[in-house]
Amino acid sequence: MALLEITGLSKNFRRGSRGESAVLPVLRDINLSIDENEFVCIIGRSGAGKTTLISLIAGLIEPDTGSILLGGQAICGPGPDRGVIFQNYSLLPWLNVFENVYLAVDAVAPQLAAGEKRRRAEHYIELVNLGAAMKKYPRELSGGMRQRVAVARGLAMDPQVLLLDEPFSALDALTRGSLQEELARIWMETRKTVVMITNDIDEAILLADTIYTLTSAPGATLGPPIAIDTQHPRTRTQLTGQPIYQKARRETLRLLAGGVADPASARAKNGATLVLQ
Amino acid sequence: MEKRIDANALILPLLGVSLMLMIWTAISLKVAPDLPSPLKTWQESQQYILNPFFKDGEMNQGILRFAFLSLVRVAKGFFLAIVIGTPLGFLLGLSPKFHQAFDPVIQVLRPISPLAWLPLGLVIFKQSEPAALFTIALCAMWPTVINTAMGVRSIGTEYLNVGRVLKLSPMKTLRKIMIPATLPFMFTGYRLSLGMAWLVIVAAEMLTGSPGLGGFLWQEYNSLVYSHILLSVLAIGLIGFTLDRLMGVVERRFKTA
């Protein structure tokens, strides 16, 4: 059974107030099924409703229709079982790196002894290679380092699903590349179930087991799944030479353009997964 | 280049002060013969300044002694103001209903002068000291209330979302997220409140006749020693300026945190 099961999800935003409010459908009929240990990327243009989708899964906003089941249970509001890594890092600027992560450990496992909580926080900070910056404040860190702290905090919640909302979009290309590879390594080590929102096709192909495209708002919905059926860990150099990379890229672009799917993905519409190999 | 800026920073304020002294002298010579000139003010006040801690009766003390008495009074009133004003600001910022209920009351109370509160304080407390504190607290409270409320309302949703995802208890959200996020606003409020409290002290001491800079000022007016009015005025100004600078330093410390 799937770990995360989304059925018939839709979300409208109301524009204007009192009387003449216009209803703007953002997401409609989102269906998504994610297995345990799967790495899923959802890719869409900016303004497509990607952040709305991740906020719905996180429980930060309520859907208008549809349901989200996590491990068979309907989700109810936000909770640490769905660790969120926000686009803008959302570190608390008045806490240092250690305290930011410790806050998460303390929140999800208050019953532990203080020493054990410290050890756990330190473990996750070392996992993202920030052991030397433990006592630094967010303002003293670069964007890439801040996002690593956010990753450490997300992992420290020990969530069932890790939700990443365009985590690297604010970073320069070189930093983004090294963080992507680091995320791949961490994912290999922890094997968390991950849902990552992105607008970077290469990033999605590098990291994901399955890619979904999100059509553009209003009324955005998910395209058929595109399976990236190649071994982890992948490296950029090794990947770009492979035919699967070209195929996945072409298919993702086609779906994003809203074009008619090619015969291979016509099958996918009927429920079968489009497998690229 | 930098040397020049340094020189300007010294010369220009000196120029400003000298100009003021010249205008003051001119007024005392030509316009208001009762106004003591700077020189006369100095001659008649020097014992208060050169011997700032002497005491010769309740209403005849060195200037720093009076300043100390006033500062203690202001500290008490200011303390009351922030102890009441900070939680009030939090309530206003957190609850739109509370805000709707009490914002009109606050907007009406805010512009009331200390001269109006003081008689009311005397009616309520029957003694001058509590009445003075009541007046200082009531007048000085509003900047703290308003800035704290504004700070609470402007806490970024991203910080609150962190608390929601971690399912922090309301107390922990307050302690770990809301108070630290509001701190810079609170301290801006505290700085303005302290300035207000210092402004009110003169009125409070004048009307209650308590020993302090304001009380001294009023007594010397009644005894026709006008140079001492100027002495008090200058002391009040200098101390107010120092207080504001000190609070500014504290405020900046919390801004960067």
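Since the model is a prediction, treat every value here as computed from it, not as a measurement. (Residues numbered from 1 in each chain as written. Chains lettered and ligands numbered in written order. Predicted model: local features only at pLDDT ≥ 70, side-chain atom pairs only at ≥ 80, totals over all residues.)

### Considerations on the overall build of chain B
Across its full length, chain B carries 10 helices and 0 strands. Shown N-terminal to C-terminal, the secondary structure of chain B runs as helices and strands in the order α-α-α-α-α-α-α-α-α-α. Residue burial in chain B is summarised as follows: out of 257 residues, 38% are buried. Residue pairs in contact within chain B that sit at least 24 positions apart in sequence constitute 69% of those at least 6 positions apart. (Helix = DSSP H or I, 4+ residues; strand = E, 2+ residues; numbered from the N terminus. Buried ≥ 20, exposed ≤ 12 C-beta atoms within 10 Å, placed from the backbone. Contact = placed C-beta atoms within 7 Å.)

### Observations regarding the domain arrangement of chain A
Residues and elements named next belong to chain A. For chain A, the assigned domains are domain 1 (35-63 + 76-81 + 161-276) and domain 2 (87-158). If you average the C-alpha positions of domain 1 and of domain 2, the two centres end up 26 Å apart. In this assembly, 14 residues from domain 1 lie in contact with 11 residues from domain 2. Elements supplying a minimum of two residues to the side of domain 1 that touches domain 2: strand 7 (161-165) and helix 5 (173-190). Considering each element in turn, the side of domain 1 that touches domain 2 owes the most residues, 5 residues, to helix 5. Here the residues of the side of domain 1 that touches domain 2 sort into 9 nonpolar, 3 polar and 2 charged. (Domains from an automatic or database assignment. Nonpolar A, V, L, I, M, F, W, Y, C, P; charged D, E, K, R; others polar.)

### Details of the nonpolar core
Core analysis: the largest hydrophobic core is formed by 134 residues, its most contacted members being Val101(A), Ala152(A), Leu163(A), Ile136(B), Ala140(B) and Ala197(B). Counting residues per element, this core draws most heavily on helix 8 (residues 170-208) of chain B, which supplies 17 residues. Aside from chain neighbours lying at most four places away, what touches Ala197(B) is Val74(B), Gly77(B), Phe78(B), Ala81(B), Ile136(B) and Ala140(B). (Core = buried A, V, L, I, M, F, W, Y, C linked by C-beta atoms within 7 Å.)

### Regarding unusual backbone geometry
What is expected of a backbone is that most residues other than glycine have negative phi and most peptide bonds are trans. Residues and elements named next belong to chain A. If you check the backbone angles, Asp 158 has positive phi at about 45° while not being a glycine. By the element assignment, Asp 158 lies in the loop between helix 4 (143-156) and strand 7. Asp 158 gets classed as partly exposed once you count the C-beta atoms within 10 Å, which come to 18.

### Overview of the pairing of strand 7 of chain A
Residues and elements named next belong to chain A. Strand 7 sits mainly inside the fold: 5 of its 5 residues count as buried. A two-sided burial pattern is seen for strand 7, the buried positions comprising Val 161, Leu 163 and Asp 165 on one face and Leu 162 and Leu 164 on the other. As judged from the 4 bridges shared by strand 6 (residues 82-85) and strand 7, these two strands associate in the parallel manner. By the bridge assignment for strand 7, Val 84 is matched with Leu 163. (Pairing = 2+ DSSP bridges.)

### What to know about the packing of helix 5 (residues 114-125) of chain B against helix 6 (residues 128-153) of chain B
Residue and element names in this part refer to chain B. At a minimum axis separation of 8 Å, helix 5 and helix 6 run at an interaxial angle of 140°. Regarding the angle of helix 5 to helix 6, the classification is oblique. Where helix 5 crosses over helix 6, the handedness of that crossing is right-handed. Across the interface between the two elements, Pro 114, Trp 117, Leu 118, Gly 121, Leu 122 and Phe 125 of helix 5 pack against Ser 128, Pro 130, Ala 131, Phe 134, Thr 135, Leu 138 and Cys 139 of helix 6. (Axes fitted to C-alpha atoms, helices over the stretch in contact; angles between N-to-C directions. Parallel < 35°, antiparallel > 145°, perpendicular 65-115°, else oblique. Left-handed = near helix turned anticlockwise from the far one by under 90°.)

### Some remarks on the interface of chain A and chain B
Taken together, the contacts link 14 residues of chain A with 13 residues of chain B. With 3 residues, helix 2 (residues 97-108) of chain A is the single largest residue contributor to the side of chain A that touches chain B. In the side of chain A that touches chain B, the residues fall into 11 nonpolar, 3 polar and no charged.

### A look at the sheet that holds strand 5 (residues 73-74) of chain A
Residue and element names in this part refer to chain A. Pairing within the open sheet is antiparallel, and its 4 strands lie in the order 2-1-4-5. Of all strands in the sheet, those with a lone pairing partner are strand 2 (22-34) and strand 5, marking the two edges. As defined by bridge partners, strand 4 (residues 65-70) adjoins strand 5 across 2 bridges and the pair is classed as antiparallel. Across the sheet, the residue bridging to Leu 69 is Ala 74, located in strand 5. Against the sheet, helix 1 (residues 50-58) touches strand 1 (4-15), strand 2 and strand 4, its axis set at about 65° to strand 2.

### A short note on the domain arrangement of chain B
Residues and elements named next belong to chain B. Taken domain by domain, chain B consists of domain 1 (1-35) and domain 2 (36-256). Here domain 1 and domain 2 have C-alpha centroids that lie 29 Å from each other. Here the residues of the side of domain 1 that touches domain 2 are counted per class, giving 4 nonpolar, 2 polar and 1 charged.

### Observations concerning helix 1 of chain A
All names here are of chain A. Helix 1 sits mainly inside the fold: 8 of its 9 residues count as buried. Every buried residue of helix 1 is accounted for by Lys 50, Thr 52, Leu 53, Ile 54, Ser 55, Leu 56, Ile 57 and Ala 58. Directly after helix 1, the chain includes Gly 59, whose backbone phi takes a positive value near 85°.

### Structural notes on the packing of helix 3 (residues 63-94) of chain B against helix 6 of chain B
A packed helix pair is summarised by two numbers, namely the angle formed by the two axes and the spacing between the axes. All names here are of chain B. Two elements in contact, helix 3 and helix 6, have axes separated by 6 Å at closest approach and are oriented at 35°. Classified by chirality, the crossing of helix 6 by helix 3 is right-handed. Taken together, the residues that form the contact of helix 3 with helix 6 break down as 19 nonpolar, 9 polar and 3 charged.

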